[in-house]
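Next come the chains, spelled out residue by residue.
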Amino acid sequence: MNLNAILQFLDAKRNEEEGAESIRARIRNVINELGFDYFTLVRQPGPESQASDIMLEGKWPKGWPELYVKRKYATIDPVIRYLGHSQRGYRWREPIAAFKDDPQHKRMERMMVDARRFGLEDGYVFPVHGRRGLVGVLTVAGRPVDLSPAQMAMMDAMAKKAFWELLEATDPDAHERISRPVSLPLTRREMETLEYLGYGMTSNEMGATLGLSAHTVDWYMNGIQDKLHAKNRHHVVAIAFRLGLIS
């Protein structure tokens, strides 16, 4: 693995006049130097996101995206599902092992077999988090490449730099919006309630722990839901995790 390629990418200072195509070329070059055949750098999709808005740069083997969509792998993709469990980069084999007892495990294994037929033998995922939670993902794949913990840390740093530089060049409004500090004035009681909700506790269980009635706990939960703009308690937990309010 060419560590100098990563170091040069990390050390390079972006000229404010540098356009998106120049940044894309630098990203493609460093990925190639690292020995990976394929990669994608994407934004975290929203409910109304278009495919053209999500992809910042990358390439997959010819025919793989079409098969992926045809077989509806997005609904069971373990590599994507594992993003909700990890704040750091991980190898593809990690989520496969983590979901070994999942009802969809057979389909997950089939997806990975299909991926290998297209030259996607192995890969890594590097999530990019902002102050508002997960904002983007760098995926690298192709022939197997073994990365040490130190190299994984460098790749994490590279993913962040590549994402933020390219997003700023392609969509400065989005860059400013998702990098803006989050202001959530949760009270101490609301934070305690949120933490216990993350443990899967019911209103009665939280009330017994906090010395409150279930009705009062529900009142706190309604306030948290309003502040997070969540649809229900499951949505509260998902948003709180993305924002780093619970772990």
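Anything mentioned here points back to the structure above.
Residues numbered from 1 in each chain as written. Predicted model: local features only at pLDDT ≥ 70, side-chain atom pairs only at ≥ 80, totals over all residues. Heavy atoms only, no water.

Draft legend 1. Expanded view of the nonpolar core. Residues Ile27, Phe36, Phe126, Val140, Met155 and Met158 are the most contacted members of the largest nonpolar core, which totals 32 residues. Of all the secondary-structure elements, those providing two or more residues to this core are helix H1 (3-11), helix H2 (20-33), strand E1 (38-43), strand E4 (122-130), strand E5 (133-142), helix H8 (149-170) and helix H9 (172-179). Among the elements that take part in this core, H8 stands out by supplying nine residues, more than any other. Met158 has contacts with Ile6, Phe9, Leu10, Val30, Ile31, Leu34 and Leu138, leaving out every residue within four places of it along the chain. In this structure, Tyr73, Val79, Val125 and Val137 belong to the second largest nonpolar core, which totals 23 residues. (Core = buried A, V, L, I, M, F, W, Y, C linked by side-chain atoms within 4.5 Å. Buried < 20%, exposed > 50% of the residue type's maximum accessible area, 1.4 Å probe, protein only. Helix = DSSP H or I, 4+ residues; strand = E, 2+ residues; numbered from the N terminus. Contact = heavy atoms within 4.5 Å.)

Draft legend 2. Spatial organisation of the sheet that holds strand E2 (residues 55-59). The five strands are arranged E2-E1-E5-E4-E3 in an open sheet whose pairing can be described as antiparallel. If you trace the sheet from one side to the other, it starts and ends with E2 and strand E3 (90-91), each paired once. Relative to E5, E1 runs antiparallel, the two sharing six bridges. What sits directly across from Arg43, in E5, is Gly136. (Pairing = 2+ DSSP bridges.)

Draft legend 3. Fine view of the packing of aromatic side chains. Applying the stated rule across the entire model yields eleven aromatic pairs. Centre to centre, the rings of Tyr124 and Phe126 are 6.2 Å apart; their planes meet at 20 degrees, and the pair counts as stacked. Side by side, Tyr124 and Phe126 carry an identical accessibility label, which is buried. When the centroid spacing of 5.1 Å and the interplanar angle of 80 degrees are considered together, the rings of Phe163 and Trp164 count as edge-to-face. Aromatic rings pair up to connect Trp64, Tyr68, Tyr73 and Phe118 into one cluster. The ring of Phe99 has Arg81 lying over it, and the distance from NZ or CZ to the ring centre is 4.6 Å. (Phe/Tyr/Trp six-rings, centres within 6.5 Å; stacked < 30°, edge-to-face > 60°. Lys NZ or Arg CZ within 6 Å of the ring centre and 35° of its normal.)

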